Protein chains: 2
Amino acid sequence: MPTKFTVEELHAIVYKIFHKAGCKPTDADSIAEVLIAAELRGIPSHGIVRIKDYIGLYQKGRMNMQPDIKIVHESPSTALIDGDNGPGIVVAKEAMKTAIAKALSAGTGWVAVRNSNHFGIAGFYSLMAAEKDMIGIASTNANALVAPTFSTDRLLGTNPIAFAIPGKEEKPFVADFATTPIARGKLEIMEKQGKSAPEGFIQDETGKSSTDPSILKRGGAILPLGGDYEHASYKGYCMGAMVDILSAVLPGANFGPFVPPQVAYLEPKSESPGKGLGHFFGAMRLDAFRPAEEVKTYLDQWIRTFRNANSIDEKNKVRIPGEPEYEKEEKIRESGIEIIPQVWEELLKTAHSLDLKL
Amino acid sequence: MPTKFTVEELHAIVYKIFHKAGCKPTDADSIAEVLIAAELRGIPSHGIVRIKDYIGLYQKGRMNMQPDIKIVHESPSTALIDGDNGPGIVVAKEAMKTAIAKALSAGTGWVAVRNSNHFGIAGFYSLMAAEKDMIGIASTNANALVAPTFSTDRLLGTNPIAFAIPGKEEKPFVADFATTPIARGKLEIMEKQGKSAPEGFIQDETGKSSTDPSILKRGGAILPLGGDYEHASYKGYCMGAMVDILSAVLPGANFGPFVPPQVAYLEPKSESPGKGLGHFFGAMRLDAFRPAEEVKTYLDQWIRTFRNANSIDEKNKVRIPGEPEYEKEEKIRESGIEIIPQVWEELLKTAHSLDLKL
């Protein structure tokens, strides 16, 4: 059983699966590209492991592999896109391309998306803009797992936001983070390892602080960034809410508790005030503000000031957002992408269900 | 000695002071309006208490009360504004008006500002857009008090961000928050009361967690939202960094540690890679995405879903960002704005220094 793959090998496998499931060649290519980007950046929770979910939803008729992605409404600097329930990655790439095209003519471009699905890592789309000398912003809502401050109800997803800006000699600054102190995937790993979760991450079904990483299965919830009220969890709640409003209220996607499950084993929601899951993208040309070279040189100075700051101990220097992922990518490209046996077996099953031999 | 004022009384006093200091009538009016809005919303740390700082900087020749605020560069949806070292409130209002005007023609408007000063409460500007059926965004960088994760150095301000969107029957959702778990003003109050600060807010000059609210005077720093690395303080650091980049790197204002002090008793920085302090504003017409009435009705549904969520205890219901401030405003408008004796005495001194009798 193979455990390590080159980018090319893995790309060919992912491509085959989605092409077989009915995706256009360019779309199958996009899905492979974004899932593999997650593996390379050391975020396997958003990589190959997601294929079984995407294909599972397709096989239950809950994801459309041949979407007719449409601009529903537009202005010089904006667009509303309906993703026709297509794979989130395909819809998101198209939406970010639209934002970039708008920015080329109007200075900035802002695209709100409804009727989409899980789009992988937000950072990928923000970097599409950074490559064109633009600031890139990408966010999405997600299945509700997070309780707002003072509540026992799960009303928000981990709602990530990504922000990228290019430097001149430095690699782009890329912040890409969930608006919670911990992601669901990390809790699952703690549970498998028999570990407790640190205080301030999760609560039980009555709202009492918990350290049991399996608590989500019994009505528990993730807390917003900050943890509790005393530590300003309402600011994390504000951030998650802003992402939900931009990604769902603005375009008319399902918000908060109504976001459709992104896995096939959970039933669809009975109530749907909007259409599918939602995203929000932005692109701002640097030279719509001042010469791009000036901004990029100044960002280099910002990066170097922070990188060279005094650190508390020698082991942990101040990091520039994006840097840890660049380092992982360099290592993983060289060593190959490791797919753990459980994920590989699931992938074989998924391929088999499509009458495909890997 | 008066302790309570009506809005009109206080407005007249603030107007007099800034008019006497050389501000144009409309500018003195704006400063009074924004400082009093902070008092009404229950944020006195950004209200009348700031007058001594603004006037102090003016008297030392470090703030220009008659600025020639200029658009340096623009595109259909963007502008770069130079505030000519004017009062931040005057510059910020002009910048937000520009963002709104751009949004009227291009769908959205985005304005980056350099060469400005402390602008009061960010929420005020985001609400200017909400009144016009737009989403409003406002942010600013600020004097460096915050250490990024792993550092002993103060490299970031509390860098607030505000986001407002109007509802149909509901009042606008307004999130307005510093990207730290605590503001400097609250630490000062704890110090005066002889209280300890909770764990996870501040560190000493070696980077060790501290509960001493006076630690900032001895090389300590505020921590980013999240607190420590384990609790994802790097996400709070990312947010503060994003605000610094939009407000300073993009327009060419001073970033992070180089932000000029906003009080007269601190000397100006010896090194200035940019111009003054920076802000960033955005306005997005709702109907640049879909009919404004649809978005506003859907926001009402969002607000009611969250407001009616189950709460952990009866005392604390889930709050909608902005609601606590609306409630305070209603109360304070009725009862009058209370100015504590120390602040009133400072104000008299400030007036006296301008040869003005209040």
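Attention here is on the structure that accompanies the text. (Residues numbered from 1 in each chain as written. Chains lettered and ligands numbered in written order. Predicted model: local features only at pLDDT ≥ 70, side-chain atom pairs only at ≥ 80, totals over all residues.)

Quick notes on the interface of chain A and chain B
Basically, it comes down to this: What counts as a contact here is a pair of residues whose C-beta atoms, placed from the backbone, lie within 7 Å. Numbered from the N terminus, helices here are DSSP runs of H or I no shorter than four residues, and strands are runs of E no shorter than two. Polar here means any residue other than Ala, Val, Leu, Ile, Met, Phe, Trp, Tyr, Cys and Pro, which are nonpolar, and Asp, Glu, Lys and Arg, which are charged; Gly is therefore polar.
Across the contact, 65 residues belong to chain A and 65 residues belong to chain B. Within the residue set of the side of chain A that touches chain B, elements represented by two or more residues are β2 (70-75), β3 (78-82), β4 (108-116), β6 (161-165), β7 (173-177), α7 (233-249) and α8 (292-307) of chain A. Here the residues of the side of chain A that touches chain B are counted per class, giving 39 nonpolar, 20 polar and 6 charged.

Comments concerning the relation of the copies chain A and chain B
How we decide: Overlaid copies result from least-squares superposition on C-alpha atoms, with residues included only where pLDDT is at least 70 in both.
Rotating chain A by 180 degrees and translating it 0.0 Å along the rotation axis places it on chain B, where the RMSD comes to 0.0 Å. Such values leave the two copies arranged in the relation of a two-fold axis. If distances are taken from each C-alpha of chain A to the rotation axis, the shortest is found for A:G226, at 2.3 Å. In this assembly, 100% of the residues forming the interface of chain A have copies in chain B that are likewise at the interface, indicating an isologous arrangement.

Details of unusual backbone geometry
All names here are of chain B. Test applied: In this scheme the burial state of a residue depends on its C-beta neighbours within 10 Å: 20 or more other such atoms mean buried, 12 or fewer mean exposed, and anything in between means partly exposed; the C-beta positions come from the backbone.
Despite not being glycine, N85 shows a phi value in the positive range, around 60 degrees. Relative to the helices and strands, N85 resides in the loop between β3 (78-82) and α4 (88-106). Overall, N85 belongs to the buried group, with 22 C-beta atoms counted inside 10 Å. At F150, a position not held by glycine, the phi torsion is positive, near 85 degrees. Here F150 lies in the loop between β5 (134-140) and β6 (161-165).

Brief notes about the sheet that holds β6(B)
Residue and element names in this part refer to chain B. Operational definition: Whether two strands pair comes down to DSSP finding at least two bridges between them. Note on geometry: axes are C-alpha line fits, over the in-contact stretch for helices, and angles between N-to-C directions span 0 to 180 degrees.
With mixed pairing, the 7 strands of this open sheet are ordered in space as β2-β3-β4-β11-β5-β6-β7. Each end of this open sheet is capped by a strand with a single partner; those strands are β2 (70-75) and β7 (173-177). Along the sheet, successive strands turn relative to each other by an average axial angle of 10 degrees, direction set aside. Of the pairings in the sheet, the one linking strand β4 (residues 108-116) to strand β11 (residues 277-285) comprises 7 bridges and is antiparallel in character. When the bridges of β11 are listed, V111 appears paired with F281.

Here's the deal with the pairing of strand β11 (residues 277-285) of chain A
Residue and element names in this part refer to chain A. Of all 9 residues making up β11, 9 are buried, and the element is well covered by its neighbours. Alternating residues of β11 divide into L277, H279, F281, A283 and R285 and G278, F280, G282 and M284, and every residue in both groups is buried. When strand β5 (residues 134-140) meets β11, the two strands line up antiparallel, connected through 7 bridges. Note on β11: the bridge partner recorded for I135 is M284.

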